[in-house]
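The residues making up each chain are set out below.
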Amino acid sequence: MSAIKKDYKRITTKSLIDMKSNGEKISMLTAYDYTMAKIVDTAGIDVILVGDSASNVMAGHETTLPITLDQMIYHASSVVRAVERALVVVDLPFGSYQSDSKEALRSSIRIMKESGGHAVKLEGGKEIKESIKKILNAGIPVMGHLGLTPQSIYKFGTYTVRAKEEEEAEKLMEDAKLLEKLGCFAIVIEKVPADLAEKVAKSISIPVIGIGAGGGVDGQVLVIHDMLGMNNEFSPRFLRRYMNLYEGMTSAISQYVEDVKSQDFPNEKEQY
């Protein structure tokens, strides 16, 4: 039986905690620009993630590592200007928080002041504890990210499922409880076994939002370009394509080219 959906005029970090308590699943998608964010927000999404995945889908990099703090602020500010309802969470990019808690705080303050974002997201657990504490002490909401952490791809060497072995699964559970204790308002868990993700979600009071982590968590997140089928090269098991925009857009553009070449466009009604 599905939970009763409450009508939230504006989603806050508290709204997400309430959703978990009420059994209402949390919907989350990425967006990186004004136009897309406007559409996503109008459609009723709960959380918009300005993800460092912009490095891949917007800039064409192989990994998330090259994107800079300035570039994340640019994308986030574009999204914030479009949003009226959703909570906007902004990824701290690689190198802006891992080794120096003071740098982590400076990076977070820049995101909040210059973009108008509502919260930041960091990858990792115990190893970034001091950075999380400093950011939270400044009054900035923090969303955690465990499991497959793409900023550590060269450490892992692969995008395969994480925490299949007992030792790593135990660490993930410990890290999730630590993030809750520190004061994070939610955690993304990426590409881990569904039973483990569900166990984590049931063991903590803050929402667990999954990507490739099964249906037993408190919400789901996908990259907008993937779920709309704009990217036809990425097909992991966890991805459901709700449209095939790649095919539709290439067809429309090809038709435009043909109409221009044949002088069918513009016609008499399309000119002054």
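In this text, all values refer to a predicted model and were calculated from it rather than measured experimentally.

Peer 1: What's the story with the overall build of the chain in this structure? I'm lost.
Peer 2: Check the secondary structure of the chain and you find 11 helices and 8 strands. Here the C-alpha atoms of the chain give a radius of gyration of 20 Å, agreeing with the 19 Å that 2.2 N^0.38 yields for 272 residues. For the chain, the residues scored as buried account for 48% of the 272 residues in total. Considering only contacts within the chain whose residues lie at least 6 apart along the sequence, 57% involve residues at least 24 apart. Of the roughly 14,500 Å² of accessible surface on the chain, a fraction of 52% belongs to carbon and sulfur atoms. Taken together, the 33 basic and 37 acidic charged side chains of the chain have centroids lying 7 Å from each other.

Peer 1: How do you make sense of unusual backbone geometry when you look at a structure like this?
Peer 2: One can expect most non-glycine residues to show negative phi and most peptide bonds to be in trans. Going from phenylalanine 265 to proline 266, the amide bond is cis rather than trans, its omega being -5 degrees. Summarising the element assignment, proline 266 is placed in the segment after helix 11 (245-261). Of note, the phi angle at alanine 163 is positive, near 60 degrees, even though the residue is not glycine. Checked against the element boundaries, alanine 163 lands in the loop between helix 7 (153-156) and helix 8 (166-182).

Peer 1: Help me understand the nonpolar core, please; the structure alone is not making it clear to me.
Peer 2: Grouped together as the largest cluster of nonpolar side chains are 60 residues, with contacts concentrated most on Ile48, Leu122 and Val200. With 6 residues, the single largest contributor to this core is helix 4 (residues 69-80). Contacts of isoleucine 48, omitting those with residues within four sequence positions, involve Leu29, Ala31, Ala37, Val40, Asp41, Val79, Val83, Ala86, Leu87, Val88 and Val89.

Peer 1: Would you mind going over the sheet that holds strand 4 (residues 119-121) with me for this structure?
Peer 2: Two strands in a sheet stick together by hydrogen bonds in their backbones, pointing the same way (parallel) or opposite ways (antiparallel). Strand order in the closed barrel formed by 8 strands is 1-2-3-4-5-6-7-8, and the pairing between neighbours is parallel. Sheet twist, expressed as the average angle between the axes of neighbouring strands with direction ignored, equals 25 degrees. Summarising the sheet, strand 4 and strand 5 (residues 142-147) pair through 2 bridges and their orientation is parallel. Bridge pairing in strand 5 places valine 120 opposite valine 142. Relative to strand 5, helix 8 is tilted by about 175 degrees, and along the sheet it contacts strand 5 and strand 6 (186-190).

Peer 1: Any chance you could explain the packing of helix 8 against helix 9 (residues 194-203) here in plain terms?
Peer 2: When two helices pack together, their arrangement is given by the angle between the helix axes and by the axis-to-axis distance. Closest axis-to-axis distance for the helix 8/helix 9 pair is 10 Å, and the angle between their directions is 25 degrees. Taken together, helix 8 and helix 9 sit at an angle that is classed as roughly parallel. Regarding helix 8 and helix 9, the two cross each other, and that crossing is right-handed. On helix 9, the residues touching Ala169, Leu172, Met173, Ala176 and Lys177 of helix 8 are Leu196, Lys199, Val200 and Ser203. Split by residue class, the contact of helix 8 with helix 9 holds 6 nonpolar, 1 polar and 2 charged.

Peer 1: I would appreciate a short explanation of the side chain of histidine 145 in the present structure.
Peer 2: Looking at where histidine 145 falls in the secondary structure, it is placed in strand 5. For histidine 145, the residues in contact, after removing those within four places along its chain, are Lys121, Leu122, Glu123, Gly124, Pro150, Ile187, Val188 and Glu190.

Peer 1: Is there a simple way to think about the packing of helix 6 (residues 129-137) against helix 8 in this case?
Peer 2: Packing of helix 6 against helix 8 brings their axes to within 10 Å, and their N-to-C directions diverge by 25 degrees. What the angle tells us is that helix 6 and helix 8 run roughly parallel. Crossing hand, helix 6 versus helix 8: right-handed. Of the residues in helix 8, those in contact with Lys129, Ile132, Lys133 and Leu136 of helix 6 are Leu178, Leu179 and Leu182. Looking at the contact of helix 6 with helix 8, its residues break down into 5 nonpolar, no polar and 2 charged.

Peer 1: Sorry if this is basic, but what is going on with the packing of aromatic side chains here?
Peer 2: Each pair of aromatic rings is reported with the distance of its centres and the angle of its planes. Using the criterion set out here, one finds 2 aromatic pairs in the structure. Between the aromatic rings of phenylalanine 234 and phenylalanine 238, the centroid separation amounts to 6.4 Å while the plane-to-plane angle is 70 degrees, which identifies the pairing as edge-to-face. Since its relative accessible area comes to 35%, phenylalanine 234 is described here as partly exposed.

Cut-off values and rules
- Residues numbered from 1 in each chain as written.
- Predicted model: local features only at pLDDT ≥ 70, side-chain atom pairs only at ≥ 80, totals over all residues.
- Heavy atoms only, no water.
- Helix = DSSP H or I, 4+ residues; strand = E, 2+ residues; numbered from the N terminus.
- Rg over C-alpha atoms; globule rule 2.2 N^0.38 Å.
- Buried < 20%, exposed > 50% of the residue type's maximum accessible area, 1.4 Å probe, protein only.
- Contact = heavy atoms within 4.5 Å.
- Areas by Shrake-Rupley, 256 points an atom, 1.4 Å probe, with all protein chains shown as cover.
- Lys, Arg positive; Asp, Glu negative; His and termini not counted.
- Charge placed at Lys NZ, Arg CZ, Asp CG, Glu CD.
- Core = buried A, V, L, I, M, F, W, Y, C linked by side-chain atoms within 4.5 Å.
- Pairing = 2+ DSSP bridges.
- Axes fitted to C-alpha atoms, helices over the stretch in contact; angles between N-to-C directions.
- Parallel < 35°, antiparallel > 145°, perpendicular 65-115°, else oblique.
- Left-handed = near helix turned anticlockwise from the far one by under 90°.
- Nonpolar A, V, L, I, M, F, W, Y, C, P; charged D, E, K, R; others polar.
- Phe/Tyr/Trp six-rings, centres within 6.5 Å; stacked < 30°, edge-to-face > 60°.

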